[in-house]
Amino acid sequence: MPELPEVETVVRSLQPDITGEFIKKVVIQWPKTVADPQSLKIVENQPIRSVERRGKFILLNLDSGSIVIHLRMTGRLYTHAPDETQAPYVTAVFHFSSGKRLHFQDTRKFGRIYFTPDSSDFSRHLGPEPLGPVFTAQWLKTRLNSRQRQIKPLLLDQTFLAGLGNIYVDEALYLAGIHPVSLSHKIPGKPIQKLHRAIRKLLGDAIEAQGTTIINFQHGDNRSGSFQHQLQVYGRGGKHCKKCEALILKMTVGQRGTHVCPACQVLYN
Ligand SMILES: [Zn+2]
């Protein structure tokens, strides 16, 4: 599933492509893509003022409100014409008055589009941005220590921190030397500082590499990200740790496949 760096990459490729375009109509080709198709009527004849990311969501900001898009597992957005193999999976098309079209292609059809009259209202349900000014080491320490939850599910909780998913949480916890089932209130200050640094660096590097392509993440004109070559633990179950030669374990934490080096990652409980 696309996480913050992948969604950021999509947003950056869309910005020069569709900012300023007037929406003529939206054609929904798979009904479930939009919860309330009537609500999308309001977007017609409005220009896209800006394209931005909030957590794992893409916002197309209009004069009155925003179109919110969640790619989920396999959603893709592009303005070139879909080829024959892609066409059956296009679930929605934005037609612009310039003649350009924005296609939402979604093989597994879990992706969703909806309209919100107030994007700050939508944003209120999400935690802070890990690359934004609110997310400091001190913020993380205070918030982790005031809860009593396993660290991995807590970092995946979008109301706690917005944008992280399974891949980058496993990587960040490995870099910080924290075992994923550690309890948040038992983790000392030093490893929390390391975790804060690891999250920011990881996301920055992954954006630089235009995301991680594990299954089928693609953006823009069929381009792929390359951060998968820099992954340390994710997808490396049964292989040697790159730091200590122990074998990377694959276990289940909060119903998610989780990768951990039992020697490098300390369990705080
Ligand atoms: Zn190790």
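Just above, that's the structure.
Residues numbered from 1 in each chain as written. Predicted model: local features only at pLDDT ≥ 70, side-chain atom pairs only at ≥ 80, totals over all residues. Heavy atoms only, no water.

A. How the structure looks around the nonpolar core. If you look at the biggest cluster of nonpolar residues, it comprises 32 residues, and the most contacted ones within it are Leu155, Leu195 and Ile199. Counting only elements with at least two residues in this core, the list comes to helix H3 (137–145), helix H4 (151–156), helix H5 (166–176) and helix H6 (189–208). It is H6 that provides the largest number of residues to this core, a total of seven residues. Excluding residues within four positions of it along the chain, Ile199 makes contact with Pro130, Phe135, Leu155, Leu161, Leu164 and Ala172. (Core = buried A, V, L, I, M, F, W, Y, C linked by side-chain atoms within 4.5 Å. Buried < 20%, exposed > 50% of the residue type's maximum accessible area, 1.4 Å probe, protein only. Helix = DSSP H or I, 4+ residues; strand = E, 2+ residues; numbered from the N terminus. Contact = heavy atoms within 4.5 Å.)

B. The pattern of salt bridges, seen in detail. All told, the structure shown has twelve salt bridges when counted by the stated rule. Between Arg54 and Glu129 there is a salt bridge, and its shortest N-O distance comes to 2.9 Å. Residue Arg54 is located in strand S2 (residues 50–54), and its partner Glu129 is located in the loop between helix H2 (119–123) and H3; the two are separated by 75 residues in the primary sequence. The residue Lys201 makes a salt bridge to Asp205 at a minimum N-O spacing of 2.6 Å. Here Asp205 and Lys201 lie together in helix H6, a separation of four residues that amounts to about one turn. When its relative accessible area of 27% is taken as the criterion, Asp205 is described as partly exposed. (Salt bridge = Lys/Arg side-chain N within 4 Å of Asp/Glu carboxyl O.)

C. Region of the structure containing the packing of helix H1 (residues 4–18) against H6. Between H1 and H6, whose axes approach to 9 Å, the crossing angle comes to 40°. When the axis of H1 is compared with that of H6, the two are oblique. Judged by the twist between their axes, the crossing of H1 over H6 is right-handed. Where H1 abuts H6, its residues Leu4, Pro5, Glu8, Thr9 and Arg12 lie against Leu203, Ala206 and Ile207. (Axes fitted to C-alpha atoms, helices over the stretch in contact; angles between N-to-C directions. Parallel < 35°, antiparallel > 145°, perpendicular 65-115°, else oblique. Left-handed = near helix turned anticlockwise from the far one by under 90°.)

D. Focus on the side chain of Arg236. Of note, Arg236 is situated in the loop between H6 and strand S9 (249–253). Within the structure, Arg236 has its side chain in polar contact with the backbone oxygen of Gln232 (distance 3.1 Å). Residue contacts for Arg236: discarding those within four places in its chain leaves Leu231, Cys241, Lys242, Ile248 and His259. (Polar contact = N/O pair within 3.5 Å; in protein donor to acceptor, adjacent residues only side chain to side chain.)

E. Looking closely at the pairing of strand S3 (residues 57–61). In terms of burial, S3 is largely enclosed, as five of its five residues are buried. Along S3, one buried face is formed by Phe57, Leu59 and Asn61 and the opposite face, lined by Ile58 and Leu60, is buried too. Across five bridges, S2 lies against S3 in antiparallel orientation. The residue of S3 that forms the bridge with Glu52 is Leu59. What sits between S2 and S3 in their antiparallel hairpin is a turn of two residues, with Gly55 showing a positive phi close to 60°. (Pairing = 2+ DSSP bridges.)

F. Expanded view of H1. Taking 1.5 Å of rise per residue, 15 residues should cover 21 Å, and H1 covers 20 Å from first to last C-alpha, within 8% of that figure. Among the 15 residues of H1, eleven are classified as buried, and the element is accordingly described as predominantly covered. The set of residues buried in H1 consists of Leu4, Pro5, Glu6, Val7, Glu8, Thr9, Val10, Val11, Ser13, Leu14 and Ile18. Gly20 sits one or two positions beyond H1 and adopts a positive phi of about 90°. (Expected span 1.5 Å × (residues − 1).)

G. Up close: the sheet that holds strand S4 (residues 66–70). Within the open sheet, the four strands sit side by side as S2-S3-S4-S8. Their pairing is antiparallel. The strands lining the two open edges of the sheet, one partner per strand, are S2 and strand S8 (112–116). Put simply, the sheet's adjacent strands are angled 25° from each other on average, direction ignored. As paired elements, S3 and S4 share five bridges and run antiparallel to each other. Within S4, the position partnered with Ile58 by the bridge is Ile69. Its contacts with the sheet put H1 on S2 and S3, and the angle it makes with S2 is roughly 175°.

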